[in-house]
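Breakdown of the fold
Now for the letters of each chain:
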Amino acid sequence: MFETIQSLIDQEAQICVPARHLTPRANLYELGMTPYTAIRLLLAIERDFRIEFPRDSLNRQTMATMENIVRVIRAAQFAPAYEWLQAA
């Protein structure tokens, strides 16, 4: 998962350091990501992982680090199963 996210960061976030050199907690905004490139990154992640970010996670903090991005991806991947259990 991290390799895919790193590749997408390199393609969309346009930061000053290759993503493979970053720690999971490195702040992407401090490295040059803008709100515009964050949206491009978010859309690329949704497309590649076939998920939809929950509305409550559409904020600067979510996209600030790879660690946060992974957390939201995992939550989004398990959300349909959780919603199904809640409906039962």
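For every chain, the first residue of the written sequence is number 1, and numbering continues from 1 along that sequence. Whole-chain, interface and lining totals are the exception, using all residues; otherwise, since this is a predicted model, local features are given only for residues with pLDDT of at least 70 and side-chain atom pairs are given and counted only at 80 or more. The basis for every side-chain value is the complete set of heavy atoms in the structure, and neither hydrogens nor water enter the calculation.

Quick look at the environment of Val-17
Quick reminder of the rule: By definition, any uninterrupted DSSP run of H or I lasting at least four residues is a helix, any uninterrupted run of E lasting at least two residues is a strand, and each is numbered from the N terminus. When a residue's accessible area, from a 1.4 Å probe over protein chains only, is under 20% of the maximum for its type it is buried; when over 50% it is exposed; and in between it is partly exposed. Should any heavy atoms of two residues lie within 4.5 Å, those residues are counted as being in contact.
Mapping Val-17 onto the fold places it in the loop between α1 (2–13) and α2 (35–49). Given a relative accessible area of 25%, Val-17 falls into the partly exposed group. Setting aside its immediate chain neighbours within four residues, Val-17 contacts Asp-10, Leu-22 and Leu-31.

Section: the packing of α1 against α2
This is how it is decided: A fitted line through C-alpha atoms serves as each axis, taken over the contacting stretch for helices, and the angle formed by two N-to-C directions is quoted from 0 to 180°. Note on terminology: angles under 35 degrees are roughly parallel, angles over 145 are roughly antiparallel, angles of 65 to 115 are roughly perpendicular, and the others are oblique. Two helices crossing with the near one rotated counterclockwise from the far one by less than a right angle form a left-handed crossing, whereas a clockwise rotation gives a right-handed crossing. Gly is put with the polar residues, along with every residue not named as nonpolar or charged; the nonpolar set is Ala, Val, Leu, Ile, Met, Phe, Trp, Tyr, Cys and Pro, and the charged set is Asp, Glu, Lys and Arg.
The N-to-C vectors of α1 and α2 enclose an angle of 140 degrees; their axes lie 9 Å apart at closest approach. Here α1 lies oblique to α2, going by the angle between them. Seen from above, α1 lies across α2 with right-handed handedness. Taking contact as the criterion, the partners of Thr-4, Ile-5, Leu-8, Ile-9, Glu-12 and Ala-13 in α1 are, on α2, Thr-37, Arg-40, Leu-41, Ala-44, Ile-45, Arg-47, Asp-48 and Phe-49. Classifying every residue of the contact of α1 with α2 gives 8 nonpolar, 2 polar and 4 charged.

Some thoughts on α2
The criterion, for reference: In this analysis, the expected span of each helix is defined as 1.5 Å times one less than the number of residues it contains.
Here α2 spans 21 Å end to end across 15 residues, near enough to the 21 Å set by a 1.5 Å rise per residue. Immediately downstream of α2, the backbone of Arg-50 shows phi near 55 degrees, a positive value.

Comments concerning unusual backbone geometry
Positive phi, close to 55 degrees, is recorded for Gln-14, a residue that is not glycine. If you trace the backbone, Gln-14 turns up in the loop between α1 and α2. In this structure, Arg-50 is a non-glycine residue whose phi angle is positive, near 55 degrees. Along the chain, the position of Arg-50 falls in the loop between α2 and α3 (60–63).

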